[in-house]
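Now for the letters of each chain:
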Amino acid sequence: MADTLTITDNRTGKTVEVPIENGAIPTKALLQLKTSDDDIGLRGYDPSFTNTAACKSRITFIDGEKGILQYRGYPIEQLAEKSNYLETAYLIVKGELPDAAHFTRWERNITMHTMVHENIKTFISGFRYDAHPMGILLGTVGALSTFYPDAHDVENLESRRLQTRRLIGKLPTIAAYAYRHSRGYPYVSPDNELSYTGNFLSMLFQMRERRYVPNPVIERALDTLFVLHGDHEQNCSANAVRAVGSSLVDPYSAVAAGIAALYGPLHGGANEAVVRMLESIGSVQNVAKSVARFKKGEERLMGFGHRVYKNFDPRGTIIKKLAYDVFEVTGKNPLIDVALELERIALQDDYFLKRKLYPNVDFYSAIIYQAMGFPMKMFPVLFAIGRTSGWLAQWAEMLRDPEQRIARPRQLYLGEMDRDYVDIAQRPAPTDREDMVSDSI
Ligand code: CMC
């Protein structure tokens, strides 16, 4: 049986045979279906890309029904247990796990790039004392493009590799400085004797001690959280990085676009919203009442639901276990009881079952971050540190793919046509105009 799809256009009776490749049809083939010579042809309509593959990729595999997540073919469970963030970042970016010599070189290369230019510190100091650290991260990563003009040479493999090392190296430094700025604390220089995550903790939390010694349980747990956030195929921020990067802009600008996308409450900002929600629920006794509110659609149950996972989010399962390791050190976060009760009630309730809404990565990571002492505003920043390797891998894959061109979706235009300009004095009265412009922002 041929791997094709036969489509008959009932408007004209014309039939076309379209190839099926990798479980998809090229929607460009629909352009052959025209009703007349001046018709541009049939388009696919898929708002928010719910059933449209925008690229071929070899980075991350997800089976949302079965709750499978793999980076380059390796299950997330094994990477979370056995790997570390820098090794996983190598895997995500380069496609294979490194041997010992390559790992040592990679680690050294990233570590060499943990420092930032002194002007970056001045730049960060210019933000208001209460600036959201995600806004600081977004602005500062974008500003890095002005520090490294060589990054504009995006077609050059060596340049791409250098910017990749710089970005993975500098993200924790900028994130830590954003945090220190909000506290009014002096910035702490990177300690290159520590691990990637140990150094991050040192830049965040070192005070008067001569040398910061990270707690190994916290260091390992945070590192695992970075592994879990490494990549997640074509999510909102990866799509932003690819779309912006497709203009051949430098990777700092493209990654800044990813950070901007991640900032939103439906994406990386959800973990922040989870804590606010759990705090507003307050106690286990209030959970049932709140669930009723979520069901009425008055509010969303933050940290629940996923566009792709429809049974469970494998990252959520790992993080839930990790939470208890962290609580051994930090003491139990009282919000965990509210979260557990919320999960228990929601997972028995028809509303959530019918819509396949389960805890996602943000539900329990938020509680861990809070137990570790991070202010809520830092949660999406932590997500961004882990996701940087994924954004860079997606960006490089897009650039190397000969089928990719500048991202440019089509639209179905439904607006007015062919109107003649009316002089301002002759336009309708303001009350009528309000109706006319009510659809606009
Ligand atoms: N609480 C209550 N109802 C929900 C929720 C929720 N968290 N999520 C979806 N629904 C309902 C929604 O109202 C709709 O119901 P109906 O069919 O009656 O209109 C149905 O479920 C389908 O929802 P949808 O908005 O069409 O689903 P989506 O695939 O577009 O959205 C989502 C996915 C993650 C944006 C959404 O589930 C959500 O807003 N969750 C809360 C925010 C959150 O936790 N985001 C983190 C996502 S995971 C990490 C990341 O990507 O950054």
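Residues numbered from 1 in each chain as written. Predicted model: local features only at pLDDT ≥ 70, side-chain atom pairs only at ≥ 80, totals over all residues. Heavy atoms only, no water.

### Structural notes on the site of the ligand
1) Next: His-267, Arg-300, Leu-301, Gly-303 and Arg-307 are the nearest of the 19 residues found near the ligand.
2) Next: Residue Arg-307 places a side-chain N or O atom 2.8 Å away from an oxygen atom belonging to the ligand.
3) Next: A distance of 2.9 Å is found between an oxygen atom of the ligand and a side-chain nitrogen or oxygen belonging to Asn-360.
4) Next: Tallied by class, the residues present in the shell around the ligand amount to nine nonpolar, six polar and four charged. (Near = heavy atom within 4 Å. Polar contact = N/O pair within 3.5 Å; in protein donor to acceptor, adjacent residues only side chain to side chain. Nonpolar A, V, L, I, M, F, W, Y, C, P; charged D, E, K, R; others polar.)

### Observations concerning the side chain of Arg-160
1) Next: Its place among the elements puts Arg-160 in helix 6 (residues 157-183).
2) Next: Put simply, Arg-160 is tucked away with no salt bridge, and the nearest opposite charge, on Glu-155, sits 5.4 Å away.
3) Next: At 2.9 Å, the side chain of Arg-160 and the backbone oxygen of Val-154 are in polar contact.
4) Next: Leave out the neighbours within four places in its chain, and Arg-160 touches Val-154, Glu-155, Trp-395, Leu-399 and Arg-400. (Helix = DSSP H or I, 4+ residues; strand = E, 2+ residues; numbered from the N terminus. Buried < 20%, exposed > 50% of the residue type's maximum accessible area, 1.4 Å probe, protein only. Lys, Arg positive; Asp, Glu negative; His and termini not counted. Salt bridge = Lys/Arg side-chain N within 4 Å of Asp/Glu carboxyl O. Contact = heavy atoms within 4.5 Å.)

### Here's the deal with the pairing of strand 3 (residues 60-63)
1) Next: In this structure, strand 3 lies alongside strand 4 (residues 68-71), joined through four bridges in antiparallel fashion. Within strand 4, the residue paired with Phe-61 across the bridge is Gln-70.
2) Next: Where strand 3 hands over to strand 4, the hairpin turn is made up of four residues, of which Gly-67 adopts a positive phi near 70 degrees. (Pairing = 2+ DSSP bridges.)

### Describing the packing of helix 10 (residues 251-263) against helix 17 (residues 379-400)
1) Next: Remark: helix 10 packs on helix 17, axes separated minimally by 10 Å, with the N-to-C direction vectors making an angle of 135 degrees. On the basis of the axis angle, helix 10 is oblique to helix 17. You can see that helix 10 and helix 17 cross each other, and the crossing is right-handed. Where helix 10 abuts helix 17, its residues Pro-251, Ala-254, Val-255, Gly-258, Ile-259 and Leu-262 lie against Pro-380, Phe-383, Ala-384, Trp-391, Leu-392 and Trp-395.
2) Next: The residue inventory of the contact of helix 10 with helix 17, partitioned by class, reads eleven nonpolar, one polar and no charged. (Axes fitted to C-alpha atoms, helices over the stretch in contact; angles between N-to-C directions. Parallel < 35°, antiparallel > 145°, perpendicular 65-115°, else oblique. Left-handed = near helix turned anticlockwise from the far one by under 90°.)

### So, a nonpolar patch on the surface
1) Next: Side chains of Leu-5, Ile-20 and Ile-25 sit close together on the surface and give an oily, nonpolar patch of about 200 Å² of accessible area.
2) Next: Inspection of the secondary structure assignment puts Ile-25 in the loop between strand 2 (14-19) and strand 3.
3) Next: A residue is classified by how much of its surface remains accessible, and Ile-25, at 33% relative accessible area, is partly exposed. (Patch = residues over 30% accessible without salt bridge, like charges linked within 9 Å, V, L, I, M, F, W, Y side chains within 5 Å. Areas by Shrake-Rupley, 256 points an atom, 1.4 Å probe, with all protein chains shown as cover.)

### Structural notes on the nonpolar core
1) Next: Among the nonpolar cores identified, the biggest contains 111 residues, and Leu-137, Leu-342 and Phe-374 are the most heavily contacted of them.
2) Next: With 13 residues, helix 17 is the single largest residue contributor to this core.
3) Next: Not counting residues up to four positions away in its chain, the partners in contact with Leu-137 are Leu-171, Ile-174, Ala-175, Ile-259, Val-381 and Ala-384.
4) Next: Membership of the second largest hydrophobic core comes to six residues, among which are Val-18, Ala-29, Leu-30 and Leu-33. (Core = buried A, V, L, I, M, F, W, Y, C linked by side-chain atoms within 4.5 Å.)

### Observations concerning the side chain of His-132
1) Next: With respect to the helices, strands and loops of the structure, His-132 is situated in the loop between helix 4 (118-125) and helix 5 (133-147).
2) Next: Judged by its relative accessible area of 16%, His-132 falls in the buried class.
3) Next: Filtering out sequence-adjacent residues up to four positions away, His-132 remains in contact with Tyr-263, Glu-272, Lys-377 and Pro-380.

### Some words on the pattern of salt bridges
1) Next: For the structure on display, the rule yields 19 salt bridges.
2) Next: As a salt-bridge pair, Glu-21 and Lys-56 come within 3.8 Å of each other at their nearest N and O atoms. Of the two residues, Glu-21 sits in the loop between strand 2 and strand 3 while Lys-56 sits in the loop between strand 2 and strand 3, which places them 35 residues apart along the sequence.
3) Next: Classification of Lys-56 by relative accessible area gives partly exposed; the value is 42%.
4) Next: A salt bridge links Arg-242 to Glu-397; its shortest N-O distance comes to 2.7 Å. You can see Arg-242 sitting in helix 9 (residues 236-245) and its partner Glu-397 sitting in helix 17, a full 155 residues away along the chain.
5) Next: A relative accessible area of 7% means that Arg-242 is categorised as buried.
6) Next: Residue Glu-397 is classed as buried on the basis of its relative accessible area, which comes to 10%.
7) Next: The network of salt bridges with shared partners includes Glu-21, Lys-56 and Glu-403.

### Re the packing of aromatic side chains
1) Next: The final tally for this structure, using the stated rule, is 16 aromatic pairs.
2) Next: Aromatic rings pair up to connect Tyr-179, Phe-205, Tyr-369, Phe-374 and Phe-379 into one cluster. (Phe/Tyr/Trp six-rings, centres within 6.5 Å; stacked < 30°, edge-to-face > 60°.)

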